Amino acid sequence: MEIGPKQEQTLYDAVGGDPFFRRLVEGFYTQVKKDDLIGPMYPDQDWDGAQDRLRWFLVQYWGGPRLFQEKRGNPMLRKRHLPFAIGEAEADRWLELMGNSMEQFSDDELPPAYRAQMWNHMQRVAYMMINQGPRAY
């Protein structure tokens, strides 16, 4: 007896939920705090707030609780990042730091198919944020 449609597992669930995204974002911001290019974009050094916002966004995007929507409204990432001068160098550095953070996970924790899916998304988002220079959209 079937009780309704089978629910597909989300990437959020597949990688272990919030603990995975906490580690990912903490690993990223540990580097950002010391970074000469990205770090200065946080003049108020609200690191906890920045970590929460990124984690909420990633959790929501990958099928977890809609915390970003509940706490901040629609993501509107490009609009939220317009006050910051983001060129290709900043996007590349963001990806470098996020890639470093993703490397902390074994293939058991972040299977290659999920890793590739996440990385593709990270690249699209990073380059979408460019608002300075020849690649500005």
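First things first, this report covers the structure right here in the doc. Keep in mind that what you see is a predicted model, and the values were worked out from it rather than measured.

Quick notes on the rules
Residues numbered from 1 in each chain as written. Predicted model: local features only at pLDDT ≥ 70, side-chain atom pairs only at ≥ 80, totals over all residues. Heavy atoms only, no water. Axes fitted to C-alpha atoms, helices over the stretch in contact; angles between N-to-C directions. Helix = DSSP H or I, 4+ residues; strand = E, 2+ residues; numbered from the N terminus. Parallel < 35°, antiparallel > 145°, perpendicular 65-115°, else oblique. Left-handed = near helix turned anticlockwise from the far one by under 90°. Contact = heavy atoms within 4.5 Å. Nonpolar A, V, L, I, M, F, W, Y, C, P; charged D, E, K, R; others polar. Expected span 1.5 Å × (residues − 1). Buried < 20%, exposed > 50% of the residue type's maximum accessible area, 1.4 Å probe, protein only. Arc of directions from axis to C-beta. Phe/Tyr/Trp six-rings, centres within 6.5 Å; stacked < 30°, edge-to-face > 60°.

## Looking at the packing of helix α6 (residues 88-102) against helix α7 (residues 112-128)
A pair of packed helices is captured by two measures, namely the crossing angle of their axes and the spacing between those axes. Contact pair α6 / α7: the axes reach a minimum separation of 9 Å and the direction vectors enclose 160°. Between α6 and α7, the angle falls in the class roughly antiparallel. Handedness of the crossing formed by α6 with α7: right-handed. Between α6 and α7, the residues in contact are A91, D92, W94, L95, M98, G99 and M102 and R115, M118, W119, M122, Q123, A126 and Y127, respectively. Partitioning the contact of α6 with α7 into residue classes produces 10 nonpolar, 2 polar and 2 charged.

## A word on helix α2 (residues 18-32)
It helps to recall that an α-helix has 3.6 residues per turn; residues three or four apart then point in one direction. In this model α2 runs 21 Å from its N-terminal to its C-terminal C-alpha over 15 residues, within 8% of the 21 Å that 1.5 Å per residue would give. Every buried residue of α2 is listed here: F20, F21, L24, V25, F28, Y29, Q31 and V32. Across the axial projection of α2, the buried residues extend over an arc of 155°, all falling on one side.

## Thoughts on the packing of aromatic side chains
For the structure shown, the criterion picks out 11 aromatic pairs. Between Y12 and F21, the aromatic rings sit 5.9 Å apart at their centres with planes inclined by 15°, giving stacked as the arrangement. Comparing Y12 with F21 shows no difference in burial state: the two are buried. Relative to Y42, the ring of Y29 has its centre 5.7 Å away and its plane inclined at 85°; by these criteria the two rings are edge-to-face. Taken together, the residues Y29 in helix α2 and Y42 in the loop between α2 and α3 (47-61) connect sequence positions 13 residues apart. Three or more aromatic residues joined by ring pairs make a cluster, and in this case those are F28, Y29, Y42, W47 and W94.

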